[in-house]
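# Fold and contact review
Listed here are the chains, written in short residue letters.
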Amino acid sequence: MFPSLNEQMDLIRSGAIEVLPEEELVKKIEKSIKTNKPMRIKLGADPSRPDLHIGHAVVLNKLRQFQDLGHTAVLIIGDFTAMIGDPTGKSKTRPQLTIEETKVNGQSYLDQAGIILDKSKMEVRHNSEWLSSMNFNDVIKLCAQYTVAQLLERDDFSKRYKSGTPISMHELLYPLAQAMDSAAIESDVELGGTDQKFNLMVGRDIQRAYGKEPQCILTMPILEGTDGVNKMSKSLDNYIALTDVPSEIFGKVMSIPDELIPRYLQYAAFASEDEVKQMEEGLKDGSVHPRNAKVDTAIRIVSKYHNEEAGKAAFEEFERVFKNKDIPDNIDEMEIETEDGTEGLLNILAKTKLIPSKKEAKRMVEQGAVSIDGEKTDDPFAAIDLKEQKLFKVGKRKFLYVKSK
RNA sequence: GGGUAGGUACCGAAGUGGCCAAACGGGGCAGACUGUAAAUCUGCUGGGCUCCGCCCUACGGAGGUUCGAAUCCUUCCCUGCCCA
C-alpha cells in the first residue's frame, strides 16, 4: 500500500529545513505501514488572508507530497482565531472578521489550495469547532501548561519585548490555541514555515498534556518575494498569486533577482533536488545564462499552476512583447462615457483605473510613462479622440484598449 | 496607582506659532541603460481643479486660544520604560 520507509523519508526530507524529531517520524511511518493506516498531516490556514500566493505554495506542495504517499491532509481553517483578529505585526489592529467573512474566505482558501492539493485525500476542519466551546476554566487549564518564559522564547516575541514593542495578551495565547488544534485533531505531523517552528513545537507539549501522542514537525523555508529581499506577502506587493494569469506569473518570475532562480525552481516549481543542483552548477560555471535559467523556471512555474501549454504560450508572448516590443495577446477592452467622443488624457487614465488618481496620472504622463497606440505622450491635458479604439500603455506592463461609449 | 518618555506621511525620523503637503533616509513608482535581473544615473512620491496658479484634506481623537497651529491651552484615547 504505502511506499517503503526509505522512499517516504527521502521525499519527506527533500526541501525541508527541519524534521523534528526524525526518529519519531520514522517510528510513525513504520507504524503506519504496519497497520496500513495513513498518518494525519496537519496544516493551519489563516482565513483572514485568503489570497494565496506562491509563498504559501511551498508548504502546500509539501503537504501534497504527503498525500501522494498515501497520507491524509488535515487542513485547519483558523476561523476562530481569525475572528479574534490576527495580532502579527505591530500596533495596527486588524479588522476583526465576522463569521460570514471567515466562511467566505475559508472557502476561497480551499478553492485556491485545491490547485495544489488532492481534494480526495483531504479533511477540512474549522478550529471554532473546538475552540469556541472552551470556557474560562478550559483556557486556564490550557495556560497552566505553559510558562511566560517559554512563550517569550519565541523569537519575534522576545525581539518585540526587547525593543519595547507592545505585545498583547491574546497574542501570547496564539501558540496555545494553535497547539489545541493539534490536540483536537490528533495530528501526526504538522507542517509550517520556519517562522512557525515555535508554534509547531508547542503543539507537541500541549498534545502530551492532553494525553495524545505528540506530533512531529516539518518546517519549510519562507520564500522571498519578487523583490528578492522580503518574504513574499501581499501587503508588500511582491507576490505571485496562485490565481494570477499565466502571462502575469511569467512576467513576475522574470523580474526576480538572479540569485533567487534556484530557490524558485526548487520551491515554487517544486523541482527535484537533482534538477536544482544541476541548474545551480550551470549558473556557477557560466554554462547556463541566467536569463535562460530564469525563462526555464518561469515556464516550469506557469506549467505547474496552470498547464504546460499555458507555460509555453506565456513564454512566447513574453518574447514577443518584451524582446520585440510587440503587444501582448489578451488586452482588456473598456468603453467609457464621453461627451463628444473625445476625452482629456487624465480623465481617461483615471476613469479606466489605469492610474489611481489624476494627480499621479499627470506625473506619469510628464515622465513619459504613458503611450497611446505606441506613441509616447507628454501632454497631460491632451484631448484624445476615442471614436476609434486606442491602445493605452502605462509603465512597462499595463495595456488597455479604450473606446468611447 | 505613582513617575517619566512618546504618538508626524508606506516605514524610520526631523520640525516646537507663519517661509510646512511637512527636512532627511529607506521603500515604492516612472524614465535611460539592460536579460521586464543586478548595479548606475535622472525625476516623482496626499487629493481635486478652469493646472506656471487656486482649492480641499492631513502631523493620535475632540474642543479652544490666535489674523494664522503639526507646533500653545483643555480634555480624552493609545504605547514604551521605571517604581509599586
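Just above, that's the structure.
Since the model is a prediction, treat every value here as computed from it, not as a measurement.

This model, assessed by the stated rule, comprises 27 salt bridges. In this structure, R40 engages E123 in a salt bridge whose closest nitrogen and oxygen atoms are separated by 3.0 Å. Residue R40 is located in strand β2 (residues 40–45), and its partner E123 is located in strand β4 (residues 122–126); the two are separated by 83 residues in the primary sequence. For the salt bridge of R300 with E275, the shortest nitrogen-to-oxygen distance reads 2.9 Å.

As paired elements, strand β7 (residues 333–336) and strand β13 (residues 398–404) share 4 bridges and run parallel to each other. Considered in β13, the bridge of E333 is made with Y401. By the bridge criterion, 5 bridges tie strand β12 (residues 390–394) to β13 in an arrangement that is antiparallel. Opposite K393, over in β13, you have F399 as the bridge partner.

Packed helices, taken two at a time, are described by the angle their axes make and the gap between the axes. It is at 13 Å that the axes of helix α3 (residues 54–68) and helix α15 (residues 290–305) come closest, and there the two elements cross at 65°. Regarding the angle of α3 to α15, the classification is roughly perpendicular. As for the relative orientation of α3 and α15, their crossing is left-handed in sense. Contacts between α3 and α15 involve I54, A57 and N61 from the former and I301, K304 and Y305 from the latter. Taken together, the residues of the contact of α3 with α15 break down into 4 nonpolar, 1 polar and 1 charged.

Let us look at the sheet that holds β2. Strands sit in the order β1-β6-β5-β2-β3-β4 across an open sheet of 6 strands; the sheet is mixed. Lying at the two open borders of the sheet, with one neighbouring strand each, are β1 (18–20) and β4. Across the sheet, the axes of successive neighbouring strands diverge by a mean angle of 20°, strand direction being ignored. As paired elements, β2 and strand β5 (residues 189–193) share 2 bridges and run parallel to each other. Bridge pairing in β5 links K42 to E190. On top of the sheet, α3 reaches β2, β3 (72–77), β4, β5 and β6 (216–220); it is set at about 155° to β5, its chief contact. Its contacts with the sheet put helix α5 (residues 99–113) on β2, β3 and β4, and the angle it makes with β3 is roughly 150°.

What counts and how
Residues numbered from 1 in each chain as written. Chains lettered and ligands numbered in written order. Predicted model: local features only at pLDDT ≥ 70, side-chain atom pairs only at ≥ 80, totals over all residues. Heavy atoms only, no water. Salt bridge = Lys/Arg side-chain N within 4 Å of Asp/Glu carboxyl O. Helix = DSSP H or I, 4+ residues; strand = E, 2+ residues; numbered from the N terminus. Pairing = 2+ DSSP bridges. Axes fitted to C-alpha atoms, helices over the stretch in contact; angles between N-to-C directions. Parallel < 35°, antiparallel > 145°, perpendicular 65-115°, else oblique. Left-handed = near helix turned anticlockwise from the far one by under 90°. Contact = heavy atoms within 4.5 Å. Nonpolar A, V, L, I, M, F, W, Y, C, P; charged D, E, K, R; others polar.

On their own, these measurements won't tell you what the molecule is for.
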